[in-house]
Amino acid sequence: MTSDSVFSNRSLKDIYEEIRTVYLSDNRPWILGFSGGKDSTCMVQLIWNAISELPSEKRTKKIYIISSDTLVESPKIVEQITNTLDKMEKAAKESNLPISTNLVRPVLEDTFWVNLLGLGYPAPSSQFRWCTDRLKIRNADRFINERVSEYGEAIVVLGSRKDESGSRQQLMNLYEIKGSLLSRHSQIAQTYVYTPIRDFITEDVWNYLLQNKNPWGSNNRDLLAIYQNAKSGECPLVVDTSTPSCGNSRFGCWVCTVVEKDKSMENMIDNGEEWMEPLLEIREELKRTQDPEVKVEVREMKRRHGRVQFYTDGTEKATPGPYKMEFRKEFLRKLLRAQNKVRKNGPDPQMTLISQEELHEIQRIWRMENGDWQNSVYKIYQEETGEKLVMQEDLGAFGKVEQELLQEICEKNNVPQLLVSKLLQAEFESQGMTRHSKIYGKLGKILSEEWRDDKEAIFEDLRERKRDKELAE
């Protein structure tokens, strides 16, 4: 890792000249990853100032600035990013620069709450960090692929620095192209990466930002204030698996459970943002579900594919499955209560912690996968907000009366209610199909799931299968 200032052997003029040379060397559009943090702000400002010095007839190649809104970003960061993008768009038009801004968001099925509350995914951890791919990588990659389809090739420009960590330096060196200022993109074909601040150290970044006026009208000292209040670093805009994700108490998603403590949010609350306390409480509640004793209480014994599995380390313990429905319903209540509080006490009376589109999708999943014919999402929403959430579509032919009748029949015959609910739902969905025989595959899959309550009997079966497998080998 480097510890010397980049300006000890290069002038700012040299760095600007390098940027202009790379920009003019071909017609491939540039896609600038902007996270709103110090590194990406420094990178964008360097490029903005360098390109501004070109004659207007040479400023023709498109520059796209993209930021990722995971929909669970720290509200202070979302506010800063959206305001900054608006300023950039306006200033670029006034200065006749080929720059446009784009805020990319996850598609509905990839959002945090649809996965956690809808599908029951556990709170992200260092072992199962499902959020990075769904909330960040896919959004940026989707935008990059669209530009590659349009232009044939593209160059992604990132505010990555070798000074960040030893592993980051190794990754950057791994994808370097010998004799070129560009690197290969780790995953997307016809895409290259340019890192103009690769040799900057942290002091260089702040010195540049504080000594050079922001060209789109923001005040870089406001950015410094956010860092001082949060006492941490930013989450980068993640475009591939080689980009470091959040960690080490960086400010980013307010629901982040990968870090042990969200020091940045705690510091913001200590510095006068008390309205954020409900967010911290929700985050702490999620973090607690990772404790071993809590985990067994809030998560199913069987996995999402319907079967029970042992831990791979050979211990006779079941690998925890998704969150139990009881937990998901109660947590949705707590989330809506938190939303009520931040709307009342925070700066934005319309602040959204979970969108109505997500609520509709969660209800659809609960009905299809968990036999929730009572439409619990809508019931909980009305109870906690006092407002009625209108169904967007007919979710099926079964309702509360049918579910109560089914429960009575299943209890009388000692049959799992969810099993029968799923079988009936599968039959309902298959009505009107040209080949009704396709229903057999669905029914077979449901019936093959583990429906027994006897834990010891299930484990004995797993032991037998393990012994049979070992004998066969």
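Residues numbered from 1 in each chain as written. Predicted model: local features only at pLDDT ≥ 70, side-chain atom pairs only at ≥ 80, totals over all residues. Heavy atoms only, no water.

1. Some thoughts on the overall build of the protein
The condition that has to hold: Only DSSP runs of H or I covering at least 4 residues are called helices, and only runs of E covering at least 2 are called strands; the numbering of each starts at the N terminus. Contact between two residues is taken to exist if any of their heavy atoms lie within 4.5 Å; hydrogens are not considered. The Shrake-Rupley method, run with a 1.4 Å probe sphere, supplies the accessible areas, and residue values consider only the shown protein chains as cover.
From N to C terminus, the protein includes 18 helices and six strands. Contacts spanning at least 24 positions in sequence make up 69% of the contacts within the protein whose residues lie at least 6 apart. Of the roughly 23,500 Å² that the protein leaves accessible, carbon and sulfur atoms contribute 47%.

2. A few points about the packing of helix H12 (residues 325-345) against helix H13 (residues 356-370)
The line we're drawing: Angles run from 0 to 180 degrees between N-to-C directions of axes, and those axes are lines fitted to C-alpha atoms, restricted for helices to the stretch in contact. To sort the angles, those under 35 degrees are grouped as roughly parallel, those over 145 as roughly antiparallel, those from 65 to 115 as roughly perpendicular, and the leftovers as oblique. Take the far helix as your reference; a near helix turned counterclockwise from it by less than a right angle gives a left-handed crossing, and one turned clockwise gives a right-handed crossing. Under the scheme applied, nonpolar residues are Ala, Val, Leu, Ile, Met, Phe, Trp, Tyr, Cys and Pro; charged residues are Asp, Glu, Lys and Arg; polar residues are all the others, including Gly.
Contact geometry of H12 with H13 gives a least axis separation of 13 Å together with a crossing angle of 165 degrees. Taken as axis vectors, H12 and H13 run roughly antiparallel relative to one another. You can see that H12 and H13 cross each other, and the crossing is left-handed. Residues Met325, Arg328, Lys329 and Leu332 of H12 lie in contact with H13, whose contacting residues are Leu359, Trp366 and Asn370. Among the residues forming the contact of H12 with H13, the class breakdown is four nonpolar, one polar and two charged.

3. Observations concerning the pattern of salt bridges
Here the idea is simple: oppositely charged side chains can pair when their charged atoms come close. This is how the line gets drawn: What makes a salt bridge here is a side-chain nitrogen of Lys or Arg within 4 Å of a carboxyl oxygen of Asp or Glu, nothing more. Note on exposure labels: buried denotes an accessible area under 20% of the residue type's maximum, exposed denotes more than 50%, and partly exposed covers the range between, all computed with a 1.4 Å probe on protein chains only.
The full count for this structure, using the stated rule, is 24 salt bridges. Glu284 serves as the salt-bridge partner of Arg283, at 2.8 Å between the closest nitrogen and oxygen. The exposure class of Arg283 is buried, given its relative accessible area of 0%. Judged by relative accessible area, Glu284 falls into the partly exposed class, the value being 24%. Between Arg333 and Glu383 there is a salt bridge whose closest N-O contact spans 2.6 Å.

4. A look at the confidence of the model for the protein
Inclusion rule: Think of pLDDT as the predictor's per-residue confidence, scored from 0 to 100.
Chain-level statistics for the protein give a pLDDT mean of 84 and a share of 84% at 70 or above. Throughout residues 234-250 the model reports pLDDT below 50, and contacts reaching past four residues in sequence, or to other chains, amount to 71 contacts.

5. Re the packing of aromatic side chains
Cut-off, in case you're wondering: The criterion for an aromatic pair is that two Phe, Tyr or Trp rings (for Trp, the six-membered ring) have centres within 6.5 Å, with stacked assigned to planes under 30 degrees apart, edge-to-face to planes over 60 apart and tilted to the rest. Think of it as a cone above the ring: NZ of Lys or CZ of Arg counts as a charge over the ring if it is within 6 Å of the ring centre and within 35 degrees of the ring normal.
What the rule picks out here adds up to 13 aromatic pairs. For the pair Trp48 and Trp216, a centre-to-centre distance of 5.4 Å together with 55 degrees between the ring planes defines the contact as tilted. With Trp48 in helix H2 (residues 38-52) and Trp216 in the loop between helix H7 (202-211) and helix H8 (220-230), the pair connects residues that are 168 residues apart, well separated along the chain. Between the aromatic rings of Tyr121 and Phe128, the centroid separation amounts to 6.0 Å while the plane-to-plane angle is 35 degrees, which identifies the pairing as tilted. For Phe128, a relative accessible area of 39% puts it in the partly exposed group. Through a chain of ring-to-ring contacts, the aromatic side chains of Phe112, Trp113, Tyr121, Phe128, Trp130, Trp254, Tyr323, Phe327 and Phe331 assemble into a single cluster. Over the ring of Tyr23 we find Lys61, and its NZ or CZ is 5.1 Å from the ring centre. Between Arg147 and the ring centre of Phe143, over which it is positioned, the NZ or CZ distance is 4.6 Å.

6. Some details on the packing of helix H1 (residues 12-24) against H2
One way to put it is that H1 packs onto H2 with a least axis distance of 9 Å and a crossing angle of 75 degrees. The orientation of H1 relative to H2 falls into the category roughly perpendicular. Two secondary-structure elements touch here, H1 through Leu12, Ile15, Tyr16, Ile19, Arg20 and Tyr23 and H2 through Leu46, Ile47, Asn49, Ala50 and Ile51. For the contact of H1 with H2, the residue count by class is nine nonpolar, one polar and one charged.

7. With respect to unusual backbone geometry
Phi is positive for Gln190, which is not a glycine, with a value near 60 degrees. Note on placement: Gln190 falls in the loop between strand S5 (182-184) and strand S6 (191-194). For Asn414, which is not glycine, the phi dihedral falls at a positive 55 degrees. Along the chain, the position of Asn414 falls in the loop between helix H15 (400-413) and helix H16 (417-429). Residue classification places Asn414 among the exposed residues on the basis of a relative accessible area of 72%.

8. Details of the layout of surface pockets
Rules: Think of a 1 Å grid over just the protein atoms. A cavity is a set of points where a 1.4 Å probe fits yet cannot get out, a pocket is an open set with protein on both sides within 12 Å along at least five of seven lines, and lining residues have an atom within 4 Å of a point. Grid points are joined across faces, edges and corners, and a volume is the space filled by probe spheres set on the points.
Its volume calculated, the largest pocket comes out at about 1,600 Å³. Broken down by secondary-structure element, the contributors of at least two residues to the lining of the largest pocket are H12, H13, helix H14 (376-385), H15, H16 and helix H17 (439-447). The element contributing the most residues to the lining of the largest pocket is H16, with seven residues. Split by residue class, the lining of the largest pocket holds 14 nonpolar, 12 polar and 21 charged. In this structure, the second largest pocket occupies an estimated 590 Å³ of space. Around the second largest pocket, the lining comprises 25 residues; the ones closest to its centre are Pro122, Ser125, Phe128, Lys295 and Arg299. For the lining of the second largest pocket, the per-class residue count stands at nine nonpolar, nine polar and seven charged.

9. A few points about the side chain of Ser125
Residue placement: Ser125 occurs in the loop between helix H4 (112-118) and helix H5 (130-151). Dropping the residues within four chain positions of it, Ser125 is found in contact with Val258 and Gln290.

10. Focus: the environment of Ile15
Structurally, Ile15 can be placed in helix H1. For the pair Ile15 and Ile197, spaced 182 residues apart in the sequence, the C-alpha separation amounts to 8.9 Å. Residues in contact with Ile15, not counting those within four places in the same chain, are Val6, Phe7, Arg10, Leu46 and Phe200.

11. Overview of the nonpolar core
Soluble globular proteins tend to bury their nonpolar side chains together. As a reminder, the rule being used: To form a nonpolar core, buried Ala, Val, Leu, Ile, Met, Phe, Trp, Tyr and Cys residues must be joined to one another through side-chain atoms within 4.5 Å.
Ranked by size, the top nonpolar core spans 92 residues in total, and within it Trp30, Trp113 and Trp254 carry the most contacts. Setting aside its immediate chain neighbours within four residues, Trp30 contacts Ile19, Val22, Tyr23, Ile47, Lys61, Lys62, Ile63, Tyr64, Ile155, Val157 and Tyr194. Counting residues in hydrophobic clusters, the runner-up holds 13 residues, among them Ile31, Phe143, Ile144 and Ala154.

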